[in-house]
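# Close look at the chain arrangement
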Amino acid sequence: MLIFVIYIYFQSIPCGSPSTCGALWKKNHLINQDTTLAPLTYALVSALVETVLGSLNSAVVQEIGLAWGLKNELNSLESILDTVQLVLQDAESKQRKDEALQNWLRKLKNAAYDAENLLDQIATEGLRRRVASERGKLIIHKLNSILSLRNPLVFRFRIAHKVKNIRERLDAIAEERLKFHLREGIIMDHQVGSEVENRHTSSLVNESEIYGRHEEKEIIVEKLLDDMNVENDLSVYAICGMGGIGKTTLAQLVYNDERVDRQFDMRIWVCVSDDFSIHRLIRAIIESTEGGGCNISELDPLQRLLQERLRGKRFLLVLDDVWNENSMLWDRLREALRCGSKGSVVMVTTRIEKVATMMAAISIHNLRFLSEDDSWSLFRRRAFAIGEVDESLKEIGKGIVKKCGGVPLAVKALGSLMRYKSSESEWLAIKESDIWHLSDDDNGILPALRLSYDNLPLQMRQCFSYCCIFPKDYVMEEDHLIQLWMANGFIPSEGQTDLRLTGHLIFKELIWRSFFQDVKKNSKFNVVCKMHDLVHDLAVSVMRHETYIVENVEVLKFPKTLHHLSFCLTSWEENKGKLKLPINKSLRSLVDYGGPFTACVEGFWSFLSKQRYLRVLDLNYSIIEKMPNFIYKMEHLRFLTFECDNLKKLPESLTCLHNLQTLKLLNSEELLELPKGLKYMKNLRFLDIERCYSLLCTPPGLGELTCLQKLSIFIVGQDSAHQIGQLKDLNLGGDLTIKGLEHIRNFESAKIANLMTKKNLTSLALFWTKGIEHDSAEHFEEILEGLQPNQNIEKIHIQLYQGSRFPNWMSTLFINNLKEISLEQCERCKHLPPLGKLPSLACLSLIGLKHIKSLNVEWHGDGDGESSFPALTRLLIMSMPNLEEWTKPDSVQCFPCLLTVEIFKCPKLTGIPFLPTIKELSISSDNNTSFLKSTMFLTSLTSLRLQNMPGIDILPEGLFQNHKALERLVIGLSSIRTISLDNLYALKRLILLDCSNLEVIPEGLNSLESLNIMCCDRLISFPATILQGSSSLRYLSINNCKKLINPLSGPLERSSVLQDLLINGCPEMKYIPESVQQLSGLRELVIWDCEGLCSLPNWLGSLQSLSEMKIWGCKNLKSLPDGLQSLKSLRVLEIDECPILLKRCRKSKGKDWPKISHIPNIRIDGKMIQYLDI
């Protein structure tokens, strides 16, 4: 028997970098006060109350409560919350149609937030007392004077008063529950609710309405038919993914295929949903077989009847929409199904990857999103009568389709909605709105996704919904997410459980359940992911009363219950005078993902200073010159990120942030010193100082921070408080750079660091200080030997090591997970370790190894094994002045995966070996012609870069004759006079850089799509006929060719396909060549630093495809042509450093303003003077 389950991974969506946030989000997202999706509005109250109860029972709160006589009040508070907690899940399930109940939940949630703040204040006082006893009275007195801390007696009285008030407030709210007649102990966790009842499915399908699934259906059907003769009587396959992607539809297509029907004696369809009762499922299967249903209630006779019906028959069983994660239940059902003949199949659809893997551990099909064409076909069928597509609505419709992200259910729902809307304004309203704005009746999308959300445990719901604080398409990093979740108290603390580990399990679970997509490791080996736009809309629908994202348009009304505020500003000028910050003082998160503009918003720092309850302050892109003192008073703060350009020293008052868990100092390159009392910040878990390059030392006693899990830099000092032994008991993970290794005394001292036990470390950098070469080579060698990392290490960087050989642990297979090695300025080393033996090594950099003369059999591992460097994809060899040869042994396969090779400043190297898989080669060195000739037979090359070879004035004959696959060529040879590009039929991109003796553009550009010419000082002409010779050239850039008077000179007999033209730094050019007039497909025209240009031709108005025009640094340009008024497609106009035009283009007043006023986006001298969101 064969069981089939289908699983989906989301397709990659272009990365939403901070610089593009504004373009991606045309509006402020919150996330208004609409109550369309009321069931999710206060669905997180239970989790919040649970968190408050946890705080009440914490040891430090109990201790302070006892000391201050608050024990009875705190016990009463706990009792009230326990009582409320019993009815909360029933209340949350009933709130959809009960506005009074919604108001009660809102009051309860606000009170719970206030209670949590108060309890946190009490706990913080307990931490402050403990630290005070450690630090002594003198230092505490100094800090108190700096921060003007409270009088202890007054503070104690105020706290007692607040506890009494919050207890009375919650007591009144608890009493109010009685009028709603709520039931106690209703367990909604893991229940998907009544909406499942509306999702009962059958095997029937209308294939005429299915688009884009034929290929996947064929893959599955062929797989089923190929495996008909398997020996197992129960084989398992797999289908799974997010709601609405089309799992059921694909299963129906397979189920109804004629070939499948012929091969099976019996076909059975069962809709499972959340009820995985063995009794129910067996009874449903029996009902679908010959002989009909039964009234048997006991399990044993049911199973016997099932086996009687299925025995000896080859059957196909579809279990649709499975949610069960209990492997024991599945095992019991599977055993009951082991009765059919060989080749029987069970096909399961599920949206949870864990379920797919449990039921079909190997054979999982990854269902794709629909393509844009298939999505449009489906939408068109739903939105328009057959054959009657309204052309005026077509482009708007395609915009609506795009927001569906290839999810068929979303396409169908919006297509059906648009069928009864006929005006452009109605269509535009839907295009510009978010999915969650639509009612459930018009939607169908969020209710389907909501099933997945309802199936999450309470704490996990908080973690997922918080992710709407990021803009759509934003690349989220796992560690960053976990730190934010921890800071907000979303990760439950149970005993001594590692919160980061719990956060990792939650992150992994959200991947399993298809909430996160495009999961991979970035260049720093950090796990990153994104959310599908529709999943993001789901998160927004949950948090819309508490979250706001501010962009570069006028701000809408902030909600009164705002707790999380995110900035995504891409320009300050566009927002000047518009942005009015909320008066809300109860923020818990304030994050900046846009750029350095947030800190410039009027009143921003005053607004920030009033936020007493912040847990997260992420000023990631807000460059500040000095840390404001009020930040050190934010006693609830758990997460702090900022960037200080000119800051030399962090003040000691930072250590008063006793709750701080995460401290990130980004790009603070001039920082010299951290607070000496950092060791007293006992809750600090993540200290990221990666780019603090000027740091002289790390604070003393870091080994006392027993919670510390991330320390990006540790600088070894001479005294014991700075010795490497401070790392001994720290459970560090991620990346770690250790500097000042010359201060380690001997092997035993190095061993004390205990690096071998730090299994969570993924990257280790070991740096000595320049100028300490007087130490013996043996001393360096024993130190490096003692710094052996754990076998889980993935990246190693060694710099300024002065031993003559590398340690033994680099010569073994001990570090099998090692993916990247960089050996830099290890100037005494004469031999490399056998790196070819490392099975996972993907990137290798050899820089400044002055004594290495040969890359021979030795570094391959003496020819041992079946292959050498089996996983290496990238190799960099740089600044190795004595390297003469590079050979490889004939006895083993070498570099089977090598794709990229870069060789810089190796003047004695005469050639490279034949590398059959290499795709990219870069050479920049004073090499001889023989070196270039050795590249002639690298026939697999798709990219070649030749640069900085002063001795090469002519390329070897036939250099390119074998490069049939070459698509990208960069030539940067100052002495070269002529270039022949014969035989490069696949060449798509050519860059000529610093070819100062080149006078003529080479021929043979027929296949080019992009041509970039830079700093070719002798080039005096660029005939337009070159464009006619290339039928595919779409991008042309001419930069800093000082003698070029007439680019694109001469006539252009026929239109070119050129779309983007950039002319930069041609001071002799006096006019735009007339040949440009023939470029009817031109979309972007950029003119930079052409001082001789005095006017623009009126015929520019004939370029009807032009959408962007940028004119920078043309100081003598006197006016704009009247023809610009004819350019209806022109969307963007930028003018910079053109002083005459600056006056003439002044909005509403300048003489040239009427010529450009129709252009939606106009920026002049860096200021956005017109921004029309149309």
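Under an unreviewed UniProt entry, the chain has the name Disease resistance protein RGA3 and belongs to Penstemon smallii.

A tally of helices and strands in the chain yields 33 helices and 43 strands. Here the chain holds 1174 residues, and 56% of them are scored as buried. Long-range pairs, those at least 24 residues apart, make up 65% of the contacts in the chain between residues at least 6 apart in sequence.

As a packed pair, helix α3 (residues 45–56) and helix α5 (residues 71–94) sit with axes 9 Å apart at the nearest point and diverge in direction by 160°. Comparing the axis directions of α3 and α5 gives the class roughly antiparallel. In this structure, α3 meets α5 at a crossing whose hand is left-handed. On α5, the residues that touch V45, S46, V49, E50, V52, L53 and L56 of α3 are L74, L77, E78, L81, D82, Q85, L88, Q89 and E92. Of the residues contributing to the contact of α3 with α5, the split by class is nine nonpolar, three polar and four charged.

On to a positive patch on the surface. Together, R158, K162, K585, K610 and R612 line one region of the surface with positive charge. Looking at the element boundaries, K585 is found in the loop between β11 (564–567) and β12 (589–592).

Glancing now at a negative patch on the surface. Together, D390, E391, E395 and E424 give the surface a local cluster of negative charge. Within the secondary structure, E424 is located in helix α19 (residues 424–432). Since its relative accessible area comes to 42%, E424 is described here as partly exposed.

To continue, consider helix α9 (residues 214–226). A rise of 1.5 Å per residue sets the reference length of α9, with its 13 residues, at 18 Å; its end C-alpha atoms lie 18 Å apart and thus fit the reference within 8%. Residues E216, K217, E218, I220, V221 and L224 constitute the buried set of α9.

Moving on: the environment of G836. With respect to the secondary-structure elements, G836 resides in the loop between β22 (820–824) and β23 (843–847). Residue G836 is classed as buried on the basis of its relative accessible area, which comes to 1%. It is 9.0 Å that separates the C-alpha atoms of G836 and E858, two residues lying 22 residues apart in sequence. With residues up to four places along the chain from it excluded, the contact list for G836 reads W859, H860, S867, S868, F869 and P870.

Procedures and definitions
Residues numbered from 1 in each chain as written. Predicted model: local features only at pLDDT ≥ 70, side-chain atom pairs only at ≥ 80, totals over all residues. Heavy atoms only, no water. Helix = DSSP H or I, 4+ residues; strand = E, 2+ residues; numbered from the N terminus. Buried < 20%, exposed > 50% of the residue type's maximum accessible area, 1.4 Å probe, protein only. Contact = heavy atoms within 4.5 Å. Axes fitted to C-alpha atoms, helices over the stretch in contact; angles between N-to-C directions. Parallel < 35°, antiparallel > 145°, perpendicular 65-115°, else oblique. Left-handed = near helix turned anticlockwise from the far one by under 90°. Nonpolar A, V, L, I, M, F, W, Y, C, P; charged D, E, K, R; others polar. Patch = residues over 30% accessible without salt bridge, like charges linked within 9 Å, V, L, I, M, F, W, Y side chains within 5 Å. Areas by Shrake-Rupley, 256 points an atom, 1.4 Å probe, with all protein chains shown as cover. Salt bridge = Lys/Arg side-chain N within 4 Å of Asp/Glu carboxyl O. Lys, Arg positive; Asp, Glu negative; His and termini not counted. Charge placed at Lys NZ, Arg CZ, Asp CG, Glu CD. Expected span 1.5 Å × (residues − 1).

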